[in-house]
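# Chain and residue survey
Here is how the chains run, residue by residue.
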Amino acid sequence: MDYKPEPELLSESSERLFSFGVIADIQYADLEDGYNFQGNRRRYYRHSLLHLQGAIEHWNQERSPPRCVLQLGDIIDGYNAQYKASEKSLERVMNTFQMLRVPVHHTWGNHEFYNFSRDYLTNSKLNTKFLEDQIAHHPETVPSEDYYAYHFVPFPKFRFILLDAYDMSVLGVDQSSPKYQQCLKILREHNPNTELNSPQGLREPQFVQFNGGFSPEQLNWLNAVLTFSDRNQEKVVIVSHLPIYPEASDSVCLAWNYRDALAVIWSHKCVVCFFAGHTHDGGYSEDPYGVHHVNIEGVIETAPDSQAFGTVHVYPDKMMLEGRGRVPHRIMNYRKE
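Parameters and conventions
- Residues numbered from 1 in each chain as written.
- Predicted model: local features only at pLDDT ≥ 70, side-chain atom pairs only at ≥ 80, totals over all residues.
- Heavy atoms only, no water.
- Buried < 20%, exposed > 50% of the residue type's maximum accessible area, 1.4 Å probe, protein only.
- Helix = DSSP H or I, 4+ residues; strand = E, 2+ residues; numbered from the N terminus.
- Axes fitted to C-alpha atoms, helices over the stretch in contact; angles between N-to-C directions.
- Parallel < 35°, antiparallel > 145°, perpendicular 65-115°, else oblique.
- Left-handed = near helix turned anticlockwise from the far one by under 90°.
- Contact = heavy atoms within 4.5 Å.
- Nonpolar A, V, L, I, M, F, W, Y, C, P; charged D, E, K, R; others polar.
- Core = buried A, V, L, I, M, F, W, Y, C linked by side-chain atoms within 4.5 Å.
- Expected span 1.5 Å × (residues − 1).
- Pairing = 2+ DSSP bridges.
- Arc of directions from axis to C-beta.
- pLDDT = per-residue confidence, 0-100.

Here we take up unusual backbone geometry. Even without being a glycine, Asp-25 presents a positive backbone phi close to 50 degrees. Take Asp-25: its relative accessible area is 0%, and that puts it in the buried class. We note that Gln-27 has phi near 50 degrees; this positive angle belongs to a residue other than glycine. Of note, Gln-27 is situated in the loop between strand S1 (18-23) and strand S2 (34-35).

Have a look at this one:
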């Protein structure tokens, strides 16, 4: 497909600082095409790997390569577990990512936990915590080992925070553990359905098994990092598999306690953007505090003749998402002080 940037993406009012790539919900499996759970959306299990290869080739060929790529979770499909193909499929996708000439930061989604336990993921190549930044003399900004979250600095005065949206979840946890029992209790209190993946009749439809939430410990840590970023006059990008803003997402796809996460973010000035996957449909909204919530369209439901990834160009006054295929262009201005 020939690609021509939108005119407004070319009229640069200020100097570009750096860029980063975004891609979501690859959900690779060595399977014939199938459909989503409702049976109304086609899923291209094998072709998703070709889309990933196309995205990587594009990033590698950019005149000014991105500083990093954010992989927003669900890297292989849950069907792999059924066919005992989880490790083989993950290896194929990771071998493809090895062609990428810049670092990739991996987020964990529900499909990671359909295939692997949390302990397995912690010891796998999907754990990119080794890329984290450490802030000297600020021990409160060091994340706990109890959840998979970290922060890094791809460019001076820009901090990226990767969150664990399944920190509170019944997925990937040992069913005999107190944490599993605690999370199951929370889920059952909000979801009386026998099928816990069903949002039918729920007042808060996000309380389904394929979602999860952020523990108070993780949110306290997030608050500490944002406090540092406020003081240090940094701009912050947050990354999570699950979205947290209802206007940008289907309500069934939100994190369980999205309001708690928003309350932390809204008590700080530094956050400019929140990137998520999970919905497959994509979505966008700017919240009342000037935070841009961007859900990236899923590779898994992208036809072979299209694409689904983006490059975000960062400027002193805005970010520009240059989308490919199903991912639209977006201009995201920072709020004025």
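Relative to each other, helix H2 (residues 47-61) and helix H4 (residues 86-97) sit at 15 degrees, their axes nearing to 10 Å. Taken together, the axes of H2 and H4 are roughly parallel relative to one another. Two packed elements cross with a definite hand, and for H2 against H4 that hand is right-handed. Contact residues: H2 offers Leu-49, Leu-52, Gln-53 and Ile-56, while H4 offers Arg-92, Val-93, Thr-96 and Phe-97. Residues that form the contact of H2 with H4 fall into these classes: five nonpolar, two polar and one charged.

Ranked by size, the top nonpolar core spans 85 residues in total, and within it Phe-20, Leu-222, Phe-275 and Met-319 carry the most contacts. Top contributing element to this core by residue count: strand S9 (residues 271-276), with six residues. Among residues more than four places away in sequence, those in contact with Met-319 are Phe-20, Phe-158, Val-237, Val-272, Cys-273, Val-312, His-313, Val-314, Arg-330, Ile-331, Met-332 and Tyr-334. Met-168, Val-170, Tyr-180 and Phe-207 belong to the second largest nonpolar core, which has nine residues in total.

In an α-helix there are 3.6 residues to a turn, and that puts residues three or four apart on one side. With 15 residues, H2 should cover 21 Å at 1.5 Å per step; its first-to-last C-alpha distance of 21 Å lies within 8% of that length. Those residues of H2 that are buried are in contact with S1, strand S4 (69-71), H4, strand S12 (308-314) and strand S13 (318-325).

With that settled, the discussion passes to the pairing of S12. Both faces of the sheet carry side chains from a regular strand, because those side chains alternate between them. Among the seven residues in S12, seven count as buried, and that is most of the element. Every second residue of S12 is oriented toward a common face, with Ala-308, Gly-310, Val-312 and Val-314 on one face and Phe-309, Thr-311 and His-313 on the other, all of them buried. Relative to S12, S1 runs antiparallel, the two being bridged by five bridges. Bridge pairing links Ser-19 to His-313 in S12. Two elements, S12 and S13, share seven bridges in a ladder whose sense is antiparallel.

Our next topic: the sheet that holds S4. Strands in a sheet are paired, the pairing made by backbone hydrogen bonds, and the direction either parallel or antiparallel. Strand order in this open sheet of six strands is S5-S4-S1-S12-S13-S14, and the pairing throughout is mixed. Both edges of this open sheet fall to strand S5 (104-106) and strand S14 (330-333), since each of them pairs with a single strand only. For this sheet, the mean angle separating the axes of adjacent strands, direction not counted, is 20 degrees. Running at roughly 25 degrees to S12, H2 makes contact with S1, S4, S12 and S13 of the sheet.

Along helix H9 (residues 258-266), the residues that are buried comprise Tyr-258, Ala-261, Leu-262, Val-264 and Ile-265. Summarising the axial view, the buried residues of H9 lie within an arc of 160 degrees, below the 170-degree limit, and thus occupy one face.

Take the packing of helix H8 (residues 216-231) against H9 next. At their nearest, the axes of H8 and H9 sit 9 Å apart, and the two run at 20 degrees to each other. One element, H8, and the other, H9, form an angle in the roughly parallel class. Here H8 and H9 pass one another in a crossing that is right-handed. For the pair H8 and H9, the contacting residues are Leu-219, Leu-222, Asn-223 and Leu-226 in the first and Asp-260, Ala-261, Val-264 and Ile-265 in the second. Of the residues in the contact of H8 with H9, the class split is six nonpolar, one polar and one charged.

So, about the confidence of the model for the protein. With 96% of its residues at a pLDDT of 70 or more, the protein has an overall mean of 95. Mean pLDDT in the protein bottoms out at helix H1 (residues 7-10), which sits at 48, and peaks at S4, which reaches 99. Low pLDDT, under 50, characterises residues 1-7; the predicted model gives this stretch ten contacts beyond four residues in sequence or across chains.

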